[in-house]
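# Coordinates in review
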Amino acid sequence: MDKRDILHKFPPLMENVLLILHEFQNSNPQHYLSEDDLAMIAGYLNVPCSSVYGVASYYTMFSLVPRGQHIIRVCDSPVCQMADSEDIAAKLRGHLGVDVGATTADGLFTLETTECLGQCDSAPGMSIDAQYYGNLTAAKIETILQIYQNKNRARGK
Amino acid sequence: MLEHRIALKNAGRINPASIDEYIAAGGYNALKQALQMPPEKIVYELIQSGLRGRGGAGFSTGMKKKFTSEAACILLECMRYIVCNADEGEPGTFKDRIIMEQDPHLLLEGMIIAAYAVGAGKGYIYIRGEYHHSIDMIRKALESAVKRGFLGDNILGSGYSLDIGVKLGGGSYLCGEEFTLLESIEGKRGYPRIKPPYPAEKGLFDMPTLINNVETLCHIPAIILKGSGWYKGLGTDRSPGTKIFSISGDVKNPGYFEVEMGISLKELIYNLAGGIKDNKKFKTALIGGAAGTFVPESFLSVSMEFDSLQQKDAVLGSGAVIVMAEDKSILDMLHSILRFFGHESCGKCVPCRVGTQQLLILLEKIIANGDRNGSGLDALLKQSELMAQTSLCPLGQSPVLPIKSAIRHFRKELINPPRKTAHKGS
């Protein structure tokens, strides 16, 4: 969707800024908010750019730097940690060859951690974009990543 | 066998995307009945029912409504708001997600009745941004409720109008705190406000605002249909009704269970969640999430309701029960909790901003060097008590709960931790 169309879905009130930021970020293939985005939103809401930046930089779901096609968020909360989520994060780091916070060289994945995803009955868990995966094991992670990699390869052909 | 479902009565039984199935299961009958009642009568019924907030604080739901509906409007154009707190982020808690995913119309029905009771003309459901499926389900449910005339202008011909919108969080635990949540709805950074005044007087956009948790609102339709007397007969005298417990950790069958208040911790863990997994022994349960308290084996017989737990210096909180088996380390769990608070502190007030980091430093020192004479633990406790006295909002006031209870019940282990078999992670 065109960014202008996103803006015009909402009345130009500051109370809509989080909804607008979410939609801007989701519409960007690199899942982030650029400086131009923030300026454009500020202009529409008729507030200083710093107000929009202040909100965008506070909430952890927003990124101000380009990210990969898929965002992996490993749950880092006490329950998942108890279920060895650190091993899961280590496995992901190994598989993807990147640290937490970084994007793979092919631009397919960004690896992040997140606080409690509210899925504690299937700890350890993670989300990839809007999809949740629970009861993770090393083997399961490989299968899940493969699905996304295959999809990407098919798209490339 | 032990479950008694009110908020979860339709969960898993009807297609949550179908308003017809909800109606066929008796849905929206309570709304029809409520619209025939004077709003004060609904407030009175809720006070009589003894329903207490299920978000963690346990305040009387009826009294909250009374305060909101009676709040004097100083401004000429007075608007009353209703806000549903669906920013479920307390570690170990997943009950509100289940309701939103499996029975979104029950939440809407309860919210519309509550809004009518306090005379609210506009409502918001604030859902955490990570709950993608809940967001979809609630948005669809709102759309179909408006189509059927349960929401919008002149609801079911009653002359009462209400508009409800969805607002999304952006990944901030603190936004589950009521004032921070209001700031976030207004499109600001998630910083708490100084209280009083409370939201009932001066809430969203400085107007009288009723804020209720998802689970709380889901009790209202049943109370309207069956009466406060029926509701008061469930649970215990001072904590009537049912409660959803989210059980996670070292149990055979982790999950969510709605039971009458006052069930014992033992019944929850052993009868409903299947007992400790791998035939290990129970060590502790962290009740209420990160902002909760550790309880030892001697608490297994304690009655799970607001006051019994409070009398024993424990909290019910959101109803999270994180079970730890004999081989789990209290020190590791505390570390995980304090990292969580350190990460989520917003930085607005000094005691919490600096304090959460200090707590981490103190604990990491204990982990690295041991604490044979207990002076490290004393410093940790003192620091957390200071934070509880001086912090602006519940986040900075909370670390004392897990710290104090861990020290009270597991001092020996904290001073002399069992040797670790292997270092986890890398």
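Residues numbered from 1 in each chain as written. Chains lettered and ligands numbered in written order. Predicted model: local features only at pLDDT ≥ 70, side-chain atom pairs only at ≥ 80, totals over all residues.

Within chain A, the secondary structure is distributed over seven helices and four strands. The N-to-C order of helical and strand elements in chain A reads α-α-α-α-β-α-α-β-β-β-α. For the C-alpha atoms alone, the extent of chain A along its principal axes is close to 50 × 40 × 25 Å. The buried share of chain A, reckoned over its 157 residues, is 40%. (Helix = DSSP H or I, 4+ residues; strand = E, 2+ residues; numbered from the N terminus. Buried ≥ 20, exposed ≤ 12 C-beta atoms within 10 Å, placed from the backbone.)

Now for the sheet that holds strand β2 (residues 109–114) of chain A. Residues and elements named next belong to chain A. Ordered by their spatial adjacency, four strands build an open sheet running β2-β1-β3-β4, and the pairing between neighbours is mixed. Lying at the two open borders of the sheet, with one neighbouring strand each, are β2 and β4 (131–133). Geometrically, the sheet is characterised by an average inter-axis angle of 25° between neighbouring strands, direction not taken into account. Note: strand β1 (residues 70–75) against strand β3 (residues 126–128), three bridges, orientation antiparallel. (Pairing = 2+ DSSP bridges. Axes fitted to C-alpha atoms, helices over the stretch in contact; angles between N-to-C directions.)

Opposite the 33 residues of chain A that make contact, chain B presents 42 residues. Counting only elements with at least two residues in the side of chain A that touches chain B, the list comes to α2 (17–27), α4 (49–58), α5 (78–82) and α6 (85–96) of chain A. Counted by class, the side of chain A that touches chain B contains 18 nonpolar, nine polar and six charged residues. (Contact = placed C-beta atoms within 7 Å. Nonpolar A, V, L, I, M, F, W, Y, C, P; charged D, E, K, R; others polar.)

In this section: the domain arrangement of chain A. Taken domain by domain, chain A holds domain 1 (3–58) and domain 2 (70–156). The straight-line distance from the C-alpha centre of domain 1 of chain A to that of domain 2 of chain A is 28 Å. (Domains from an automatic or database assignment.)

Let us now look at the nonpolar core. All names here are of chain B. The biggest cluster of nonpolar side chains holds 169 residues, and the ones touching the most others in it are L107, M111, I113, A114 and L268. Ranked by residue count, the leading element in this core is helix α6 (residues 104–118), at 11 residues. Sequence-distant contacts of A114, that is, excluding residues within four places in its chain, are made with K65, I82, L210, N212, L217 and I220. (Core = buried A, V, L, I, M, F, W, Y, C linked by C-beta atoms within 7 Å.)

Let us now look at the packing of α2(A) against α4(A). Residue and element names in this part refer to chain A. Relative to each other, α2 and α4 sit at 70°, their axes nearing to 11 Å. By the angle between their directions, the pair α2 and α4 is classed as roughly perpendicular. For α2 against α4, the interelement crossing comes out right-handed. Contacts from V17, L18 and L21 in α2 reach V52, V55 and A56 in α4. Across the contact of α2 with α4, the residue classes break down as six nonpolar, no polar and no charged. (Parallel < 35°, antiparallel > 145°, perpendicular 65-115°, else oblique. Left-handed = near helix turned anticlockwise from the far one by under 90°.)

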